Amino acid sequence: MNVTAETATATSADVAGNVSLILGEVADTTSGIDYAQLAHLADRIKGAGRVFLAGAGRSGLVLRMAAMRLMHLGLTVHVAGDTTTPAISSGDLLVVASGSGTTSGVVKAAQTALEAGAQVAAITTNASSPLAGLADAVVIIPAAQKTDHGSNISRQYSGSLFEQALFLATESVFQTLWDAADEPAEQLWLRHANLE
């Protein structure tokens, strides 16, 4: 059924309540992140020869946004799975994200990166996950896992809170690196895609 003006039953109060719900959950969750872990991630990114990012589903989409911002800083950045992504090697960093820390393709990417001599940074909810165990640097986001439908951490659906917090975490890393670079926005803009 398509929602039209005639069939819509939501009110502006419903929407406002859900905006408040989401903002509150995101604020609570991001305030629970160990910011030293994010600072360590920023240092790892800054020191890497090249930065690769890998994630599945919505987490992967968030990492694609992060890749774009890192490219704007002038870093050499690749998204795993793109047809032009080269082989990862020693001196490189793979940044991976998985709420559960068990997403098979993401765990396999981390294993491959380590075998190639690269370092791995993982962002997850699960400190004891296989992904966290492979990582040289770990950022724990204290959000509900997507299969935890009865969670008292979040009323949102299936991993949304992790993905929202992941976006803010990666944006804070970008902002921190940009502050340290002391480059004007106009300089970053010159690197923005012009074949859109």
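As a reminder, the structure under discussion sits directly above these lines.
Predicted model, so just to flag it, every value in this text is computed and none were measured. (Residues numbered from 1 in each chain as written. Predicted model: local features only at pLDDT ≥ 70, side-chain atom pairs only at ≥ 80, totals over all residues. Heavy atoms only, no water.)

**Q** Help me get a handle on the pattern of salt bridges, residues and values and all.
**A** Summed over all chains, the structure comprises four salt bridges. In this structure, Asp92 and Arg50 form a salt bridge, with 2.6 Å as the shortest nitrogen-oxygen distance. Residue Asp92 is found in the loop between strand E2 (77-79) and strand E3 (93-97), and its partner Arg50 is found in the loop between helix H2 (35-47) and strand E1 (51-55); the two are separated by 42 residues along the sequence. Residue classification places Asp92 among the buried positions, given a relative accessible area of 4%. One salt bridge in this structure joins Glu183 and Arg191, with 2.9 Å as the shortest N-O distance. (Salt bridge = Lys/Arg side-chain N within 4 Å of Asp/Glu carboxyl O. Helix = DSSP H or I, 4+ residues; strand = E, 2+ residues; numbered from the N terminus. Buried < 20%, exposed > 50% of the residue type's maximum accessible area, 1.4 Å probe, protein only.)

**Q** Give a description of the side chain of Thr124 that names residues and reports values.
**A** With respect to the helices and strands, Thr124 occurs in strand E4 (residues 119-124). A relative accessible area of 0% means that Thr124 is categorised as buried. Engagement of the side chain of Thr124 in a polar contact is seen with the backbone nitrogen of Asn126, the distance being 3.2 Å. Apart from the residues within four sequence positions on either side, Thr124 is in contact with Ser98, Gly99, Ser100, Gly101, Ser129, Ala132, Val138, Val139, Ile140, Ile141 and Phe162. (Polar contact = N/O pair within 3.5 Å; in protein donor to acceptor, adjacent residues only side chain to side chain. Contact = heavy atoms within 4.5 Å.)

**Q** Hey, could you go over the environment of Ser154 for me, with residue numbers and the actual values?
**A** Within the fold, Ser154 resides in the loop between strand E5 (137-140) and helix H6 (160-181). When near neighbours in sequence (up to four residues on either side) are disregarded, Ser154 contacts Glu25, Ala144 and Leu161. Polar contacts involving the side chain of Ser154 include one to the side chain of Glu25, which spans 2.7 Å. Among the polar contacts made by the side chain of Ser154, one reaches the main-chain amide nitrogen of Gln156 at a distance of 3.0 Å.

**Q** With reference to specific residues and values, describe the packing of H2 against H6.
**A** Put simply, H2 and H6 touch, their axes get as near as 10 Å, and they point 60° apart. When the axes of H2 and H6 are compared, the pair comes out oblique. Crossing hand, H2 versus H6: right-handed. Contacts between H2 and H6 pair Leu38, Leu41, Ala42, Ile45 and Lys46 from the former with Ala169, Ser172, Val173 and Leu177 from the latter. (Axes fitted to C-alpha atoms, helices over the stretch in contact; angles between N-to-C directions. Parallel < 35°, antiparallel > 145°, perpendicular 65-115°, else oblique. Left-handed = near helix turned anticlockwise from the far one by under 90°.)

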